[in-house]
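# Structural characterization, general
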Amino acid sequence: MTLRELSKEYKRNEEALRQRVKELQGALPSLDREERSRVEDRLRILTAMQREARELGALCERYYDRGYRRNGKYTL
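Structure report, in brief. (Residues numbered from 1 in each chain as written. Predicted model: local features only at pLDDT ≥ 70, side-chain atom pairs only at ≥ 80, totals over all residues. Heavy atoms only, no water.)

Quick look at the nonpolar core now. Note on soluble globular proteins: their nonpolar side chains tend to be buried together. One finds Leu-17, Val-21, Leu-24, Leu-28, Val-39, Leu-43 and Leu-46 forming the largest nonpolar core, which totals seven residues. Elements supplying a minimum of two residues to this core: helix H1 (3-27) and helix H2 (33-62). Sequence-distant contacts of Leu-43, that is, excluding residues within four places in its chain, are made with Val-21, Leu-24, Gln-25 and Leu-28. (Core = buried A, V, L, I, M, F, W, Y, C linked by side-chain atoms within 4.5 Å. Buried < 20%, exposed > 50% of the residue type's maximum accessible area, 1.4 Å probe, protein only. Helix = DSSP H or I, 4+ residues; strand = E, 2+ residues; numbered from the N terminus. Contact = heavy atoms within 4.5 Å.)

Interhelical geometry of H1 versus H2 gives an angle of 160° and a closest axis separation of 8 Å. The angle between H1 and H2 places the two elements in the roughly antiparallel class. As for the relative orientation of H1 and H2, their crossing is left-handed in sense. Looking at the contact of H1 with H2, its residues break down into 13 nonpolar, five polar and eight charged. (Axes fitted to C-alpha atoms, helices over the stretch in contact; angles between N-to-C directions. Parallel < 35°, antiparallel > 145°, perpendicular 65-115°, else oblique. Left-handed = near helix turned anticlockwise from the far one by under 90°. Nonpolar A, V, L, I, M, F, W, Y, C, P; charged D, E, K, R; others polar.)

Looking at the element boundaries, Arg-54 is found in helix H2. What makes Arg-54 partly exposed here is its relative accessible area of 42%. Sequence separation between Arg-54 and Ser-7 is 47 residues; the distance between their C-alpha atoms is 8.9 Å.

Attention shifts here to the packing of aromatic side chains. Geometrically, a pair of aromatic rings is defined through the distance of the ring centres and the angle of the planes. For the structure on display, the rule yields one aromatic pair. Taking the centre distance of 4.9 Å and the plane angle of 85° together, the rings of Tyr-63 and Tyr-64 count as edge-to-face. (Phe/Tyr/Trp six-rings, centres within 6.5 Å; stacked < 30°, edge-to-face > 60°.)

This part is about the pattern of salt bridges. All chains considered together, the criterion is met by eleven salt bridges. Ionic pairing is found between Glu-14 and Arg-18, a salt bridge with its closest N-O pair at 2.4 Å. Here the residue Glu-14 and the residue Arg-18 both occupy positions in helix H1, the gap between them amounting to four residues, near one helical turn. Between Glu-23 and Arg-20 there is a salt bridge, with the nearest N and O atoms lying 3.0 Å from each other. Here Arg-20 and Glu-23 lie together in helix H1, a separation of three residues that amounts to about one turn. You can call Glu-23 partly exposed: its relative accessible area is 49%. Accessibility expressed as a relative area gives 39% for Arg-20, which makes it partly exposed. Salt bridges here are not isolated pairs; linked through shared partners, they connect Glu-14, Glu-15, Arg-18 and Arg-54. (Salt bridge = Lys/Arg side-chain N within 4 Å of Asp/Glu carboxyl O.)

By themselves, these are just geometric observations and shouldn't be taken as functional.
Spelled out as structure tokens, the structure:
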């Protein structure tokens with residue numbers, strides 16, 4: 001698998017995470033206090049996963065492009 005192919009996988013995963021976040025956000029108003037707290041915790045985790053998938057997708061897609069400034073978070 002090439003990095004460009006891997007970037008497409010990251011993008012698909014990011015889209016799936018985005019959809020799940022939307023679903024959970026839509027359910028928030030109807031939840032009781034305890035369930036709402038659990039769902040909000042889950043949303044924080046999913047949002048972080050979504051952001052990382054987006055960033056890693058971009059990194060993999062453009063890894064070999066000259067002049068591309070990589071995200072220092074993912075660079076050794």
